[in-house]
Amino acid sequence: VGEVGESRLKRLALEYECRVNPVWPMPGLEETLAGIRDQDLCLGIVSNAQFYTPLLFSGLLGKDLPALGFDERLCVWSYRELQGKPSAQLFGKVTATLKQSFGISPDHVLYVGNDMRNDIAAAARAGCRTALYAGDSRSLRLRADDPFCQGVVPDLVVTQLPQLLSAITSKKMCT
């Protein structure tokens, strides 16, 4: 029996999550991230995350977030903020950092997500442009009956992540 320490509890949570809710990188992810890095664009994450979520990138892709092109100042994790999406505060935190550190306004941000409420509606309310990733039926959340999503239409719908590369360089997504 004995005392259970924090590290053992974290390991238990991680092992449970990996068995019950396995994660995997979407096809074309590495190619898409490389293309974004090549264009010298800012890259961040607003995620309903657990403590192990940032570690998944190195576990699945063999590189940590900065090596993949993510600016850690633009990564907002719900477990650290003690609130989850669609919280306006999570999106506000990243849009404020973009404005203060890079001079980028929300209307020059393309937020990509697979959930109409937690991603698309929330990012649109923060003033961002949005892209719905509809390439994985297991993770796609349309939430057609959710009042928070009423009248919300993504600026772009992609079924393959590399489609983002041509979209972000087109005049339609850049102003």
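Residues numbered from 1 in each chain as written. Predicted model: local features only at pLDDT ≥ 70, side-chain atom pairs only at ≥ 80, totals over all residues. Heavy atoms only, no water.

> Sorry, what's going on with the pattern of salt bridges here?
Working definition: two side chains of opposite charge can pair if their charged atoms are close together. In total, this model carries nine salt bridges according to the counting rule given. With its nearest N and O atoms 3.2 Å apart, the salt bridge here joins Glu-6 to Lys-10. Placement of both Glu-6 and Lys-10 in helix H1 (residues 6-20) is noted, with a separation of four residues, approximately one turn of the helix. Note that Arg-138 and Asp-136 form a salt bridge whose closest N and O atoms lie 3.2 Å from each other. (Salt bridge = Lys/Arg side-chain N within 4 Å of Asp/Glu carboxyl O. Helix = DSSP H or I, 4+ residues; strand = E, 2+ residues; numbered from the N terminus.)

> Looking at this structure, I do not really get the environment of Val-20. What am I missing?
As for its placement among the helices and strands, Val-20 is situated in helix H1. Put simply, Val-20 and Arg-73 are 53 residues apart on the chain and 31 Å apart in space, counted from C-alpha to C-alpha.

> What am I meant to see in the sheet that holds strand E4 (residues 129-133) here?
Two strands in a sheet stick together by hydrogen bonds in their backbones, pointing the same way (parallel) or opposite ways (antiparallel). Read across the open sheet, the three strands follow the order E3-E4-E5; overall the sheet is parallel. In the strand order of this sheet, the two ends are held by strand E3 (110-113) and strand E5 (156-158), each with one partner. Ignoring strand direction, the axes of neighbouring strands in this sheet form an average angle of 25°. With three bridges joining them, E4 and E5 adopt parallel strand pairing. Paired with Leu-132 across the two strands is Val-157, which belongs to E5. Against the sheet, helix H7 (residues 116-125) makes contact with E3 and E4, and its axis sits at roughly 165° relative to E4, the strand it touches most. (Pairing = 2+ DSSP bridges. Axes fitted to C-alpha atoms, helices over the stretch in contact; angles between N-to-C directions. Contact = heavy atoms within 4.5 Å.)

> Please clarify how the packing of aromatic side chains should be interpreted in this entry.
Two aromatic rings are characterised by how far apart their centres lie and by the angle between their planes. Evaluation of the coordinates by the stated rule reveals three aromatic pairs. On the basis of an interplanar angle of 65° and a centroid distance of 5.1 Å, the ring pair of Phe-91 and Tyr-111 is categorised as edge-to-face. Of this pair, Phe-91 sits in helix H6 (residues 88-102) while Tyr-111 sits in strand E3, placing them 20 residues apart in sequence. Cation over ring: Lys-10 sits above Phe-51, and NZ or CZ is 5.3 Å from the ring centre. (Phe/Tyr/Trp six-rings, centres within 6.5 Å; stacked < 30°, edge-to-face > 60°. Lys NZ or Arg CZ within 6 Å of the ring centre and 35° of its normal.)

> Would you mind going over the side chain of Asp-119 with me for this structure?
Along the chain, Asp-119 falls in helix H7. Within the local environment of Asp-119, its side chain forms a polar contact with the side chain of Tyr-111, the two groups lying 3.3 Å apart. If we skip the residues at most four places from it in the chain, Asp-119 touches Lys-85, Phe-91, Tyr-111, Gly-113 and Asn-114. (Polar contact = N/O pair within 3.5 Å; in protein donor to acceptor, adjacent residues only side chain to side chain.)

> Even after reading the chapter, I still don't get a nonpolar patch on the surface, so can you show me in this structure?
The grouping of Val-4, Leu-9 and Leu-12 at the surface amounts to a nonpolar patch, some 290 Å² of accessible area in total. Mapped onto the secondary structure, Val-4 falls in the segment before H1. (Patch = residues over 30% accessible without salt bridge, like charges linked within 9 Å, V, L, I, M, F, W, Y side chains within 5 Å. Areas by Shrake-Rupley, 256 points an atom, 1.4 Å probe, with all protein chains shown as cover.)

> So what exactly am I meant to see when it comes to the nonpolar core here?
Nonpolar side chains in soluble globular proteins generally cluster together in the buried interior. Counting residues in each nonpolar core, the largest one holds 23 residues, and the members touching the most others are Ile-45, Phe-57, Phe-70 and Trp-77. At the level of elements, helix H2 (29-38), helix H3 (53-61), helix H4 (65-68), strand E2 (75-77), E4, E5 and helix H8 (163-169) are the ones that each hand at least two residues to this core. When residues of this core are assigned to their parent elements, the largest contribution, four residues, is made by H8. With sequence-adjacent residues up to four places away left out, Phe-57 is seen in contact with Ile-45, Gly-62, Lys-63, Leu-65, Leu-68, Phe-70 and Trp-77. Core analysis: the next-biggest nonpolar cluster, separate from the first, contains twelve residues, Leu-74, Ala-122, Ala-123 and Cys-128 among them. (Core = buried A, V, L, I, M, F, W, Y, C linked by side-chain atoms within 4.5 Å. Buried < 20%, exposed > 50% of the residue type's maximum accessible area, 1.4 Å probe, protein only.)

> It is not clear to me how the pairing of E3 should be interpreted in this structure. Could you clarify?
On any regular strand, side chains alternate: one points to one face of the sheet, the next to the other face. Residues Tyr-111 and Gly-113 point to one face of E3 and are all buried, whereas Leu-110 and Val-112, pointing to the other face, are not buried. Both E3 and E4 contribute to a ladder of four bridges, which runs parallel. Counted as the bridge partner of Leu-110 is Arg-129 from E4. Note on the crossover from E3 through H7 to E4: the handedness is right-handed. (Right-handed = clockwise from strand over helix to strand, strands pointing away.)

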